[in-house]
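The chain contents come next:
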Amino acid sequence: MSVWSAWEVQEDGGATSWFDVRLAFTDGARVDVLAVLSEGCVSVEDVRAQPALSLDDLAVLADWIEGPLAEACGGGPEPAPEVAGTRRARPVWPHGVEGRWLAAQEYRAAQEEGVDPVLAVMCATGHSRRMSLRLIAQARDAGFLAPRHARR
């Protein structure tokens, strides 16, 4: 993880500072955050992640960046000790038949709820749209989902 000051604006005896935060994981995943320090409060202004973050990962993003960002801002709570093992930006998605079956379950659940099924698979797997479409196609080929077009 790296944190660096992007820019600072002085106004009426106070200052607003922007910080760039980059989390790089061993599996190639990356999260870039633009955080703002104003009047003693830190807020997140922009988050970009490759691959996309799930809602659960987005919820723990503050825990990931809290310690290093507090150090860069000049104070704040002590960083939490690292837990053994590595942290991933996305959950581990099973490969093979189990992964295809889970993708089909996510796809069908999203269809029943009336939401975009591809987006649901993207959120569940943490994969890009292209990779999620490939996984959905593999689930169709394995017979877990109905064919896209009825054959005549």
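Residues numbered from 1 in each chain as written. Predicted model: local features only at pLDDT ≥ 70, side-chain atom pairs only at ≥ 80, totals over all residues. Heavy atoms only, no water.

A. Looking closely at unusual backbone geometry. Cis geometry is found at the peptide bond from Gln 50 to Pro 51, where omega equals 0°. Summarising the element assignment, Pro 51 is placed in the loop between β4 (41-50) and α1 (55-59). (Helix = DSSP H or I, 4+ residues; strand = E, 2+ residues; numbered from the N terminus.)

B. Seen up close, the confidence of the model for the chain. Summary statistics for the chain give a mean pLDDT of 79 and a share of 86% for residues scoring 70 or more. When the criterion is pLDDT under 50, residues 76-86 qualifies, and its contacts beyond four places in sequence or with other chains add up to six contacts. (pLDDT = per-residue confidence, 0-100. Contact = heavy atoms within 4.5 Å.)

C. Structural detail: the environment of Gln 105. Structurally, Gln 105 can be placed in helix α3 (residues 96-113). Note: C-alpha distance between Gln 105 and Val 121 (16 residues apart in sequence) is 9.1 Å.

D. View of the pairing of β4. In the sheet, strand β3 (residues 30-38) pairs with β4 via nine bridges, with the strands oriented antiparallel. Each residue of the ladder has a partner; that of Asp 32, found in β4, is Arg 48. Between β3 and β4, which pair antiparallel and follow one another directly, the connecting turn spans two residues, one of which, Glu 39, has a positive phi of 55°. (Pairing = 2+ DSSP bridges.)

E. Main features of the pattern of salt bridges. The tally for this structure, following the rule as stated, stands at three salt bridges. For the salt bridge of Arg 22 with Asp 32, the shortest nitrogen-to-oxygen distance reads 2.6 Å. Of this pair, Arg 22 sits in strand β2 (residues 14-24) while Asp 32 sits in strand β3; the two residues are 10 residues apart in sequence, bridging distant segments of the chain. Using a relative accessible area of 33% as the deciding quantity, one classes Arg 22 as partly exposed. The shortest N-O distance in the salt bridge between Asp 32 and Arg 30 comes to 3.2 Å. When salt bridges that share partners are traced, they join Arg 22, Arg 30 and Asp 32 into one network. (Salt bridge = Lys/Arg side-chain N within 4 Å of Asp/Glu carboxyl O. Buried < 20%, exposed > 50% of the residue type's maximum accessible area, 1.4 Å probe, protein only.)

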